[in-house]
Amino acid sequence: MLNVQKIREDFPILKRQVNGKPLVYFDNAATSQTPQVVIDAIVDYYSNYNANIHRGVHSLSQEATDAYEKARKKIQRHFNAKHAHEIILTSGTTHSINIVATGFTTLLSEGDEIIVSALEHHSNIVPWQMLCERTGAVLKVIPMNQEGELLMERYDQLLSEKTKLVFVNHISNALGTINPIEYIINKAHEVGAAVLIDGAQSCPHIKPDVQALDADFYVASAHKLCGPTGVGLLYGKEAWLNKLPPYQGGGEMIDQVTFEKTTYAGLPHKFEAGTPNICGVIAFGTALDYMNTIGFDAIASYEKELLDYGTQQLLQIDGLKIYGTSVNKTSVISFNIEGIHPYDIGSIVDKLGVAVRTGHHCAQPIMDFYKIPGTVRASFSFYNTKEEIDILVNSVKKAATMLR
Amino acid sequence: MSIQEIQEEIVDEFSMFDDWMQRYEYMIELGKSLPLIEDKYKTDDNIIKGCQSKVWVHAEMKNDQIAFTADSDAIITKGIIAILIRAFSNQHPQDIIDADTKFIDEIGLKEHLSPTRANGLVSMIKQLKLYAVAYQTQLN
């Protein structure tokens, strides 16, 4: 059992007011809030040991390098990667995806196939379309049903020896569906394809084990896990990372440089050109410690409780429809009220202190599937409460009355 | 009435309300009085870019004055475009080009719009002024 009231004390922002009302923060799928320990880690870094890493012999640089590499090890342990050098530190999920998509340019030829899912975020569609344009590879899409679940029998049909890559998110950001990634990975491996799992939405709820999953690549962002923005990771199996060429040229990623030839550094530095977000990576490590102390099992079961309560309460509202109704879903409720534009609802509930996302959630193909302009999305985190859900429900009711 | 006078009238009307809720309700009311665009003009070309909900605007010149019609799929947005059209419609193109839009700040519209919607507001004003520039060119 979580002591939610005590947990809320860890988050200074939850005490603030918005438009004269207490903040109800239900946009956790966009970014999570930051606990004091993570804020302290950021302040501590800039107050006490801010220095560039892997370069200086001076003490400050050593301390910063140690803290940075210690954070990489924490991330390795959290995701259960075999080696620390299989964790590439990036600016976030989008950056991580682009390293792989760009790297595969040299590994694909015309007629090869790439499979993505109908539930993808734009950041997991556009880089692959660009890769297809560069290589002549063909993009195939796993379709979904009305409940927002991927059709696995259709996936089976798409797979062939032409398939070189499969990219799916573990959890859909727009609908909250949890995809059967174990099945997807196993089936892809049967035809020799590599699999990239986008864990941006799942990491706040589920602790992944990349070795047990046998994922070839796994990407995620710190800011969805109570960490700072501008930090993320690319996990890749050592053999795959060695196959991919460097993404950017610059300092840190080299072994020897002459004007005739440069040899590249080994993993992970090959993919970490330039000065990284040192403070952000260290604070990401602190955020993982924080979340692991609370415990992902406890988080998941409490968030399920919030999801069930929120679903039940919202469905009491006349004309309200929920998009994404799989039994396998996380604490995300995407909804509309018949005849009312999601922006109108979002604008009004914001004035009542409730932060929800409105729009297409960077997943226009999903909105096109349902033939809607967008949805209102409320996403719950372990620091939210049922009382806050009541405020959401009352605010939506008020908005509906005004807008009808 | 001149654009300036209409804008002052709108500012007066909004000053009667104490809280944002009443202002929103009034905006929704104003949306209902919007001169609606004919369906045949509801084309992708007439959608204003930069708004997250759909806003269509059409302009016609009658007796050296521009008459605007519009519609939106979101009610609050419809209210916003209605306010703008009330200020700018049935005016000479040059007057529309010269008009300032300080009244938007004075009625507190901007602060009550999310940034994306505030950007949409700028796009809407820009589009109305673009029509005025186009028609003014014809007159010259």
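Parameters and conventions
- Residues numbered from 1 in each chain as written.
- Chains lettered and ligands numbered in written order.
- Predicted model: local features only at pLDDT ≥ 70, side-chain atom pairs only at ≥ 80, totals over all residues.
- Helix = DSSP H or I, 4+ residues; strand = E, 2+ residues; numbered from the N terminus.
- Buried ≥ 20, exposed ≤ 12 C-beta atoms within 10 Å, placed from the backbone.
- Contact = placed C-beta atoms within 7 Å.
- Nonpolar A, V, L, I, M, F, W, Y, C, P; charged D, E, K, R; others polar.
- Expected span 1.5 Å × (residues − 1).
- pLDDT = per-residue confidence, 0-100.
- Pairing = 2+ DSSP bridges.
- Axes fitted to C-alpha atoms, helices over the stretch in contact; angles between N-to-C directions.
- Domains from an automatic or database assignment.
- Parallel < 35°, antiparallel > 145°, perpendicular 65-115°, else oblique.
- Left-handed = near helix turned anticlockwise from the far one by under 90°.

(A) A look at the overall build of chain B. Broken down by element type, chain B carries 6 helices and 2 strands. Across its three principal directions, the C-alpha atoms of chain B cover 45 × 30 × 25 Å. Sorting the 140 residues of chain B into buried and exposed places 39% on the buried side. Looking at chain B alone, contacts between residues at least 24 apart form 67% of all its contacts between residues at least 6 apart.

(B) How the structure looks around the interface of chain B and chain A. Each partner contributes residues to the interface: chain B has 13 residues there, and chain A has 11 residues. Among the secondary structure elements, those contributing two or more residues to the side of chain B that touches chain A are α2 (20-32) and α3 (75-88) of chain B. Looking at which element gives the most residues to the side of chain B that touches chain A, the answer is α2(B), with 5 residues. For the side of chain B that touches chain A, the residue count by class is 7 nonpolar, 4 polar and 2 charged.

(C) Seen up close, helix α10 (residues 278-294) of chain A. Between its terminal C-alpha atoms α10(A) stretches 25 Å, which fits the 24 Å expected from 17 residues at 1.5 Å a residue. A large share of α10(A) lies buried, amounting to 13 of its 17 residues.

(D) Here's a closer look at the confidence of the model for chain B. On average, residues of chain B score 88 in pLDDT, and 91% of them reach the 70 mark or higher. On the interface metric, ipTM, the complex scores 0.80, and its pTM is 0.89.

(E) Focus on the sheet that holds strand β7 (residues 163-169) of chain A. Residue and element names in this part refer to chain A. The 7 strands are arranged β4-β10-β9-β8-β7-β5-β6 in an open sheet whose pairing can be described as mixed. Of all strands in the sheet, those bounded by a partner on one side alone are β4 (87-90) and β6 (138-142). Within this sheet the neighbouring strands show an average axis-to-axis angle of 20 degrees, counted without direction. Examined bridge by bridge, β4 and strand β10 (residues 232-236) share 4 bridges and lie antiparallel to one another. Following the sheet pairing, I88 is matched in β10 by L234.

(F) Representation of the domain arrangement of chain A in the model. All names here are of chain A. When the domains of chain A are assigned, the result is domain 1 (4-27 + 296-403) and domain 2 (49-292). Measuring from the centre of the C-alpha atoms in domain 1 to the corresponding centre in domain 2 gives 29 Å. On the domain 2 side, the residues contacting the 20 residues of domain 1 number 22 residues. If you list the elements that add at least two residues to the side of domain 1 that touches domain 2, you get α11 (296-314), β14 (332-337) and α13 (364-370). Per element, the largest residue contribution to the side of domain 1 that touches domain 2 is 4 residues, and it comes from α11.

(G) View of the packing of helix α4 (residues 93-103) of chain A against helix α5 (residues 126-135) of chain A. Residue and element names in this part refer to chain A. Between α4 and α5, whose axes approach to 9 Å, the crossing angle comes to 15 degrees. With respect to α5, the axis of α4 lies roughly parallel. Judged by the twist between their axes, the crossing of α4 over α5 is right-handed. Side by side, α4 and α5 meet where I97, N98 and A101 of the first sit next to P127, W128, M130 and L131 of the second.

(H) Looking closely at the sheet that holds strand β16 (residues 357-359) of chain A. Residues and elements named next belong to chain A. On the basis of which strands lie adjacent, the open sheet formed by 4 strands has the order β13-β14-β17-β16 and antiparallel pairing. At either margin of the open sheet sits one strand with a lone partner, and together these are β13 (320-323) and β16. Direction aside, neighbouring strands of the sheet carry axes that sit 30 degrees apart on average. Across 3 bridges, β16 lies against strand β17 (residues 375-379) in antiparallel orientation. Among the inter-strand pairings, T358 is bridged to a residue of β17, identified as V376. Contacts from α11 reach β13, β14 and β17, with the element oriented near 10 degrees to β14.

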